[in-house]
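One letter stands for each residue in the lines below.
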Amino acid sequence: LAKTTQPISMDSYEGQEVNITCSHNNIATNDYITWYQQFPSQGPRFIIQGYKTKVTNEVASLFIPADRKSSTLSLPRVSLSDTAVYYCLVVGRGSTLGRLYFGRGTQLTVWP
Amino acid sequence: DAGITQSPRHKVTETGTPVTLRCHQTENHRYMYWYRQDPGHGLRLIHYSYGVKDTDKGEVSDGYSVSRSKTEDFLLTLESATSSQTSVYFCAISSYTQGAEETQYFGPGTRLLVL
């Protein structure tokens, strides 16, 4: 599995856009990128996943450049409730069933 | 949120006693997983199941066993609890299909303290 590197922590203010970048230089052709969010005392929650270019849902956008060696999770207009740990995962399609390696994630703190 | 419950939500036990954690889903998903989360380690896979009575080991399976007699229930048993098994345990489910992207949905977790 491709190793991922993301910042340990980030700070933002309410109403700002937050971009969390994850590097995955060794991503394989069939791998895809998934982001999870985890609040204290709760299980991780799926946010978004994608293979290339841009994916958008009601919560976030995921930008993946052509070389796929990095990806950026974009959270528009964050609020205090977005304070959480965000995990970037690279998952092999069909070959790594159940083997989601979460690493240490990025602690996002949103300030009023 | 996916219909996943875990019981108990908190448990304190003594070293050497057996402990069973239960994961229950209402989504009829085929795949179920048990993870543990510890500071500095992220989530680590203990065991997983790909169907009734079909289970396999994850990366930290020593000291744990699982059973799945019904689609909706996945049990994790600590045969003889040790202090190193103090952790937060998460159950997850997915409707994975071969060759497709997998999304796992997690339960609320069980906090286990082994004294």
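If you're wondering where the values come from, they're calculated on a predicted model, not measured in any experiment. (Residues numbered from 1 in each chain as written. Chains lettered and ligands numbered in written order. Predicted model: local features only at pLDDT ≥ 70, side-chain atom pairs only at ≥ 80, totals over all residues. Heavy atoms only, no water.)

**Q** Honestly, unusual backbone geometry in this entry has me stumped. Any pointers?
**A** Following serine 7 of chain B, the chain continues into proline 8 of chain B via a peptide bond in cis, with omega recorded as -10°. With respect to the helices and strands, proline 8 of chain B occurs in the loop between β1 (4–7) and β2 (10–13). Within the chain, arginine 77 of chain A stands out as a residue other than glycine whose phi angle is a positive 45°. With respect to the element layout, arginine 77 of chain A can be found in the loop between β7 (70–75) and β8 (84–92). A residue is classified by how much of its surface remains accessible, and arginine 77 of chain A, at 66% relative accessible area, is exposed. (Helix = DSSP H or I, 4+ residues; strand = E, 2+ residues; numbered from the N terminus. Buried < 20%, exposed > 50% of the residue type's maximum accessible area, 1.4 Å probe, protein only.)

**Q** Quick question: what am I supposed to make of the interface of chain A and chain B here?
**A** One frequently used descriptor of interface size is the decrease in accessible area upon assembly of the parts. At the interface, 21 residues of chain A touch 26 residues of chain B. Contact between chain A and chain B buries roughly 2000 Å² in total, counting both sides, with carbon and sulfur atoms accounting for 50%. For the interface between chain A and chain B, the tally reads 0 salt bridges. Linking chain A with chain B are 5 residue pairs in polar contact (both at pLDDT 80 or more). Contributions of two or more residues to the side of chain A that touches chain B are made by β3 (31–38) and β4 (45–50) of chain A. Ranked by the residues each element gives to the side of chain A that touches chain B, the list is headed by β3 of chain A, at 3 residues. The residue makeup of the side of chain A that touches chain B, split by class, is 10 nonpolar, 8 polar and 3 charged. (Contact = heavy atoms within 4.5 Å. Buried area = accessible area lost by both parts, 1.4 Å probe. Salt bridge = Lys/Arg side-chain N within 4 Å of Asp/Glu carboxyl O. Polar contact = N/O pair within 3.5 Å; in protein donor to acceptor, adjacent residues only side chain to side chain. Nonpolar A, V, L, I, M, F, W, Y, C, P; charged D, E, K, R; others polar.)

**Q** Would you mind showing me how to read the packing of aromatic side chains here?
**A** In total, this model carries 7 aromatic pairs over all chains according to the counting rule given. Considering the side-chain rings of tyrosine 48 of chain B and tyrosine 50 of chain B, the 6.4 Å spacing of their centres and the 50° angle between planes classify their relative orientation as tilted. Taking relative accessible area as the criterion, tyrosine 48 of chain B reaches 9% and is therefore assigned buried. Clustering of aromatic rings is evident, with ring pairs tying together Tyr36 and Phe46 of chain A together with Tyr33, Tyr35, Tyr48, Tyr50 and Phe106 of chain B. One cation-aromatic arrangement involves arginine 68 of chain A over tyrosine 51 of chain A; the distance from NZ or CZ to the ring centre is 4.0 Å. (Phe/Tyr/Trp six-rings, centres within 6.5 Å; stacked < 30°, edge-to-face > 60°. Lys NZ or Arg CZ within 6 Å of the ring centre and 35° of its normal.)

**Q** Would you mind showing me how to read the pairing of β1 of chain B here?
**A** If a strand is regular, its side chains alternate between the two faces of the sheet. Residues and elements named next belong to chain B. Of the two faces of β1, the one lined by Ile4 and Gln6 is fully buried and the one lined by Thr5 and Ser7 carries no buried residue. Pairing of β1 with strand β3 (residues 19–25), which is carried by 4 bridges, proceeds in the antiparallel orientation. In the strand pairing of β3, isoleucine 4 is matched with glutamine 25. (Pairing = 2+ DSSP bridges.)

**Q** I keep staring at the nonpolar core and nothing clicks. Help me out?
**A** In globular proteins that are soluble, nonpolar side chains generally tend to be buried together. Residue and element names in this part refer to chain A. If you look at the biggest cluster of nonpolar residues, it comprises 20 residues, and the most contacted ones within it are Ile33, Trp35, Ile47, Leu73, Leu75 and Tyr86. Secondary-structure elements contributing two or more residues to this core are β2 (18–23), β3, β4, β6 (61–64), β7, β8 and β9 (106–111). No other element matches β8, which puts 4 residues into this core. Among all residues touching leucine 73, those that are not within four sequence positions of it are Val18, Asn19, Ile20, Trp35, Ile47, Ile48, Ala60, Ser61, Leu62 and Tyr86. (Core = buried A, V, L, I, M, F, W, Y, C linked by side-chain atoms within 4.5 Å.)

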